[in-house]
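Close look at the chain arrangement
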Amino acid sequence: MGTVSGTGLSTLVLDRTGDRRLAEDVRVVAQVLPFKVNSYVTEELIDWSRGSDDPIFRLVFPHRDMLPRDDFESIRQALENGSRDEVAGIVGTIRERLNPHPSDQLTRNIPQTTDFDPWGLQHKYRETLLIFPRHGQTCHSYCGYCFRWAQFVQQPELRQETSGAAAMTRYLQDHPEITDVLLTGGDPLVMRTALLERYLRPFLDGVLPHVTTIRLGTKALSFWPYRFLDGPEADTLLELLARLVRDGRHVALMLHVSHPRELETDAARQAIRRLYDTGAVLRSQAPLVRHVNDDASTWSRMWSAQVRLGIVPYYLFVERDTGASRYFGVPLVRGWQIYRDAIAGLSGLGRTARGPVMSAAPGKVVVDGPVELDRRPAFALRFLQARRPELVGRPFFAAFDPHVQWWDELKPYGPSDRPFFAE
Ligand SMILES: *Cc1c(COP(=O)(O)O)cnc(C)c1O
Ligand code: SF4
């Protein structure tokens, strides 16, 4: 697999489009935000005839509007006239302003223990443990909107990764209330199967009977379906998943699918079939992002294709408040409209996706829609998951605002809604 990153992206764009200005934009923005794209994405997913309007191009390539105009200009000028140090200085300042750790990810959810390295485990909701394997903190290509972007730029203090499977097992042994584990990243499927097996083996050894569900969060189906097709690496991975299933675990692949085209290649189709045959459950999730999938027909085509292929639609996320969120973000009310229009045309089996969902500091909040209450318009909201379990599943309201894009900007509608916003 060939991958291209940094200034190589600019050369590739010039080569494929002949558009000098587009290539220059790519070079400037790639200084700040981490981009990497592999040959599968450039050769089989992107439709180059559509140039920079192509949704997959927009998903993985830098675009000038991702940075505020002033920042863009200062980097462009420093690249032209400045020293390397000067460019690095400007880049550092801009990155700091891009909210590298939304929802206090690094400080809030780290398990409180002293006898092993807690980095790389995140225990936010009672029944679920998130695991970030050290070698899975990268991806086959990078999404421009990624909220984990801070982990990809080379700043070690921003990296969140685990010391290994032993820490995971110890923690799970001490926490019988945990029924679900979720291996995530980055993408845990960038790891070789032998490494991944260290994290999955403990569930076959009978030492963790309380963990009934194992989820793997991945975008490998979209970015590198050969992970499930090529040689012994793929075969042993599929065998491992099948063994977990035979052992009585619920194994779920949480497939990050942003656009229906990702499901259309021969490689993706074969990969889905092979995964399906392991007995694992395939579920899909993705954020709603401008320029990539911000219309109802894209989602309804995607969800109906998924149902046909054996994938269960799970979450439609709201793009978080980090990185290039001004570029990719969609107002909540518009996100809700897109979700509603998308499910309206599907049968019940296509309506299993919940959305639009904000994975915010206090929990996962779904926007049920705008409503007219007695005096003012409001958003009807609900926690699907919450740090405080007593809040889950109860309708509550926020003052309506057509421009709001994220949880932090919402205000309680009335006094009875305040507890839902209290930290
Ligand atoms: C989404 C999420 C989970 C899983 O929640 P489900 O409702 O079970 O899908 C667990 N931990 C964190 C931190 C999450 O964001
Ligand atoms: S696949 Fe996920 S973790 Fe990887 S770049 Fe995309 S959004 Fe980020």
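Before reading on, note that the structure itself is shown above.
Throughout what follows, the structure given in this document is the object of discussion. It should be emphasised that the depicted structure is a prediction, and the values quoted were computed from it without experimental measurement.

What counts and how
- Residues numbered from 1 in each chain as written.
- Chains lettered and ligands numbered in written order.
- Predicted model: local features only at pLDDT ≥ 70, side-chain atom pairs only at ≥ 80, totals over all residues.
- Heavy atoms only, no water.
- Buried < 20%, exposed > 50% of the residue type's maximum accessible area, 1.4 Å probe, protein only.
- Helix = DSSP H or I, 4+ residues; strand = E, 2+ residues; numbered from the N terminus.
- Contact = heavy atoms within 4.5 Å.
- Near = heavy atom within 4 Å.
- Nonpolar A, V, L, I, M, F, W, Y, C, P; charged D, E, K, R; others polar.
- Arc of directions from axis to C-beta.
- Polar contact = N/O pair within 3.5 Å; in protein donor to acceptor, adjacent residues only side chain to side chain.
- Areas by Shrake-Rupley, 256 points an atom, 1.4 Å probe, with all protein chains shown as cover.

Points about helix H9 (residues 165–174)
Every α-helix winds through 3.6 residues per turn, so residues three or four apart in the chain are directed the same way. Buried within H9 we find Ala165, Ala167, Met168, Thr169, Tyr171 and Leu172. The secondary structure elements touched by the buried residues of H9 are strand E3 (121–125), strand E4 (128–131), strand E5 (180–183) and helix H10 (193–200).

Here's the deal with the environment of Pro402
Checked against the element boundaries, Pro402 lands in the loop between strand E13 (396–399) and helix H17 (418–421). Using a relative accessible area of 40% as the deciding quantity, one classes Pro402 as partly exposed. Contact partners of Pro402, with chain neighbours within four places excluded, come to Pro331 and Val333.

A closer look at the site of ligand 2
Around ligand 2 there are eight residues in total, and Cys139, Cys143, Cys146, Lys219 and His256 lie nearest to it. The residue inventory of the shell around ligand 2, partitioned by class, reads five nonpolar, two polar and one charged.

Here's the deal with H10
Every buried residue of H10 is accounted for by Thr193, Leu195, Leu196, Tyr199 and Leu200. For H10, the angular spread of the buried residues around the axis is 160°, confining them to a single face. Among the exposed residues of H10, those oriented more than 90 degrees off its buried face are Ala194 and Arg198. Those residues of H10 that are buried are in contact with E4, H9, E5, strand E6 (213–218) and helix H12 (231–246).

Describing the site of ligand 1
All residues in the neighbourhood of ligand 1 are listed as Gln122, Lys124, Tyr125, Thr128, Leu130, Arg215, Tyr314, Tyr315, Ser359, Lys364 and Gln385. The side chain of Ser359 places a nitrogen or oxygen atom 3.4 Å from an oxygen atom of ligand 1. Measuring from an oxygen atom of ligand 1, one finds a side-chain N or O atom of Lys364 at 2.7 Å. For ligand 1, whose unbound accessible area comes to 390 Å², protein coverage reaches 87%. Broken down by secondary-structure element, the contributors of at least two residues to the shell around ligand 1 are E3, E4 and strand E9 (311–318). Residue contributions to the shell around ligand 1 peak at three residues, all from E3. Residues belonging to the shell around ligand 1 are distributed by class as follows: four nonpolar, four polar and three charged.

Concerning the side chain of Arg227
With respect to the helices and strands, Arg227 occurs in the loop between helix H11 (220–223) and H12. Engagement of the side chain of Arg227 in a polar contact is seen with the backbone oxygen of Leu189, the distance being 2.9 Å. Those residues in contact with Arg227 that sit more than four places away from it in its chain are Leu189, Met191, Arg192, Thr193, Ala220, Glu233, Ala234 and Leu237.

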